[in-house]
Amino acid sequence: MAGTPRYARYIILSLLCIFLILFFSSSSDSPRQTYKSAADLLKESQSRWGNVGSKNNPASHGTAKEVPLSDPLLKDGSHSAAPKAGTAEGAPAGGSSQVGLSNPSEPDHRVSSPNPLAHSPQTKLEPKPSGPRMNATFVTLARNSDIWEIARSIRQVEDRFNRKFNYDWVFLNDKPFDESFKTITSALVSGTTKYGQIPKEHWSFPEWIDQDKAKQVREDMAKKKIIYGDSVSYRHMCRYESGFFFRHPLMLEYEWYWRVEPSIELFCDINYDAFRFMAENGKKYSFVLSLLEYIDTIPTLWASTKKFMNTYPEHLVPGNSMKFVSDDGGETYNKCHFWSNFEIGNLNWLRSKAYIDFFTSLDKDGGFFYERWGDAPVHSIAASLMLKKEEIHFFEDIAYYHIPFTHCPADEKYREEHKCHCDPSKNFDWNGYSCTKKFYELNGMKVPEKKDDKKKP
Ligand SMILES: Nc1nc2c(ncn2[C@@H]2O[C@H](COP(=O)(O)OP(=O)(O)O)[C@@H](O)[C@H]2O)c(=O)[nH]1
Ligand SMILES: [Mg+2]
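Under an unreviewed UniProt entry, the name given to the protein is Glycosyltransferase family 15 protein, and the organism recorded is Myriangium duriaei CBS 260.36. What the UniProt record of the protein gives under Sequence similarities (unreviewed entry) is the line "Belongs to the glycosyltransferase 15 family."

Draft legend 1. Geometry of the overall build of the protein. Counting its secondary structure elements, the protein contains 17 helices and twelve strands. Counting only residues that meet the buried cut, the protein has 43% of its 457 residues in that class. Partitioning the contacts of the protein with sequence separation of at least 6, the portion at a separation of at least 24 is 78%. If you sum the accessible surface of the protein, you get close to 24,900 Å²; carbon and sulfur atoms cover 56% of it.

Draft legend 2. Inspection of the environment of Thr 436 at higher detail. Structurally, Thr 436 can be placed in helix α16 (residues 436-442). For Thr 436, a relative accessible area of 0% puts it in the buried group. Measuring from C-alpha to C-alpha, the distance between Thr 436 and Phe 324 comes to 9.1 Å, with 112 residues separating the pair along the chain. In this structure Thr 436 touches Phe 287, Ser 290, Phe 394, Asp 429 and Trp 430, once residues within four positions along its chain are discounted.

Draft legend 3. Quick look at the coordination of the magnesium ion (ligand 2). Looking at the magnesium ion (ligand 2), the protein donor atoms are Glu 261 (OE) and His 402 (NE2), and they sit 1.9 to 2.2 Å from it. With Glu 261 in the loop between β4 (256-259) and β5 (265-266) and His 402 in strand β11 (residues 400-402), the pair connects residues that are 141 residues apart, well separated along the chain. Classification of His 402 as buried rests on a relative accessible area of 13%.

Draft legend 4. Just the sheet that holds β11, in detail. Taken together, three strands build an open sheet; the order of strands is β5-β11-β12 and the sheet is antiparallel. Both edges of this open sheet fall to β5 and β12 (405-407), since each of them pairs with a single strand only. Summarising the sheet, β5 and β11 pair through two bridges and their orientation is antiparallel. Residue pairing in the sheet places Leu 266 in a bridge with Tyr 400 of β11.

Parameters and conventions
Residues numbered from 1 in each chain as written. Chains lettered and ligands numbered in written order. Predicted model: local features only at pLDDT ≥ 70, side-chain atom pairs only at ≥ 80, totals over all residues. Heavy atoms only, no water. UniProt positions renumbered as here; feature names shortened; annotations may be inferred. Helix = DSSP H or I, 4+ residues; strand = E, 2+ residues; numbered from the N terminus. Buried < 20%, exposed > 50% of the residue type's maximum accessible area, 1.4 Å probe, protein only. Contact = heavy atoms within 4.5 Å. Areas by Shrake-Rupley, 256 points an atom, 1.4 Å probe, with all protein chains shown as cover. Donors = N, O, S within 2.8 Å, 3.2 Å for Na, K, Ca; no water. Pairing = 2+ DSSP bridges.

Pasting the structure below:
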């Protein structure tokens, strides 16, 4: 029985402890608030940050002015489903299954919770582009099957450039575009999209081509494993890009084009209007990568070019870039060409008599089918002979990739400021197969010093 008072003492002591704990916790000085719900959080933050999203809120209004006003996804009614962040119109519709959004006893908090850091001084918003717009369009030749590869390219072009400018995009195809291609691409492009079918006469063998001879060439090239050597469609494509895309009815209303191919990458922000740069600086043709052509695809291209030069000497422009394509004053071709999967150029130049005479003359000689002439050497030779050298521009600042080559700007500060994600060690410009050095020399430009060279003793 001696244990009974001891147990009683333990019980009294325990009760005393519990009482003391409860007393101190309820009378603590620290203001511990507990929030009931996300709605309370929102109310709290609204009183702290003002009525975020409302037109009268100076915090959101002041910065919103700086951002381009047009939402890439809102170019027409059919693609306006994306909510506008921070606006009442952009709130999710009623009946949403989102947690906490459907309780009628809660206040209306269908706007997103504000991010207190969103408008902090560290946030770098791009200025809204100013100045006149050019009469310009992107242009892409593609098959329906290219959809996902071209979608990737478009996304990059939009993110890095066009979401700020909203230029149109023309898609051309030898077959009708299917609905899926149109829906996906028009959702991605911030400007107006247009879809054109190529007329049969621009994508078929001209009547002067000897079909048997052309077939024999394809078989021979296949045996030699020349890339695309056995392909008929690739030849139509090269001929079309050389002589017809700029004459398609959809292209006739534009003065400037920017060619985009599937699977390309843009590595840096382009914060100015590259079309306007071309116009204001008297440029007609531009490039980012140049290289040597595979000679087996163009063995007689220069002979045809010489024929053209003799027939139309009036089309050769004094002060041209002959030195870019020939190391012996025009006797032979040095195989240099601008890589035409990227081009920003003037359509009126391509539609000029000089260029059309050049293309027609080459086309009559049949090398698009009897060899495998590419549109890159054709455009490049034309630009080098029929434009003043100042009219050709190298976009050193446009960081670009098309398999397998990269152009990555040399300047480290530039790369940082433009959020570039290219590896400068992959830059192709000063590789032995590139012709960019030749372009620099011809134009009296200084070849950038390699950062690595400086470190060498
Ligand atoms: N509509 C259509 N486009 C084509 C065809 N062949 C190639 N192209 C397009 O022409 C461009 C060049 O073709 P690509 O396969 O990229 O050639 P590469 O860059 O020389 O390897 C791309 O924009 C292709 O989508 C074709 O048969 N039909
Ligand atoms: Mg390509």
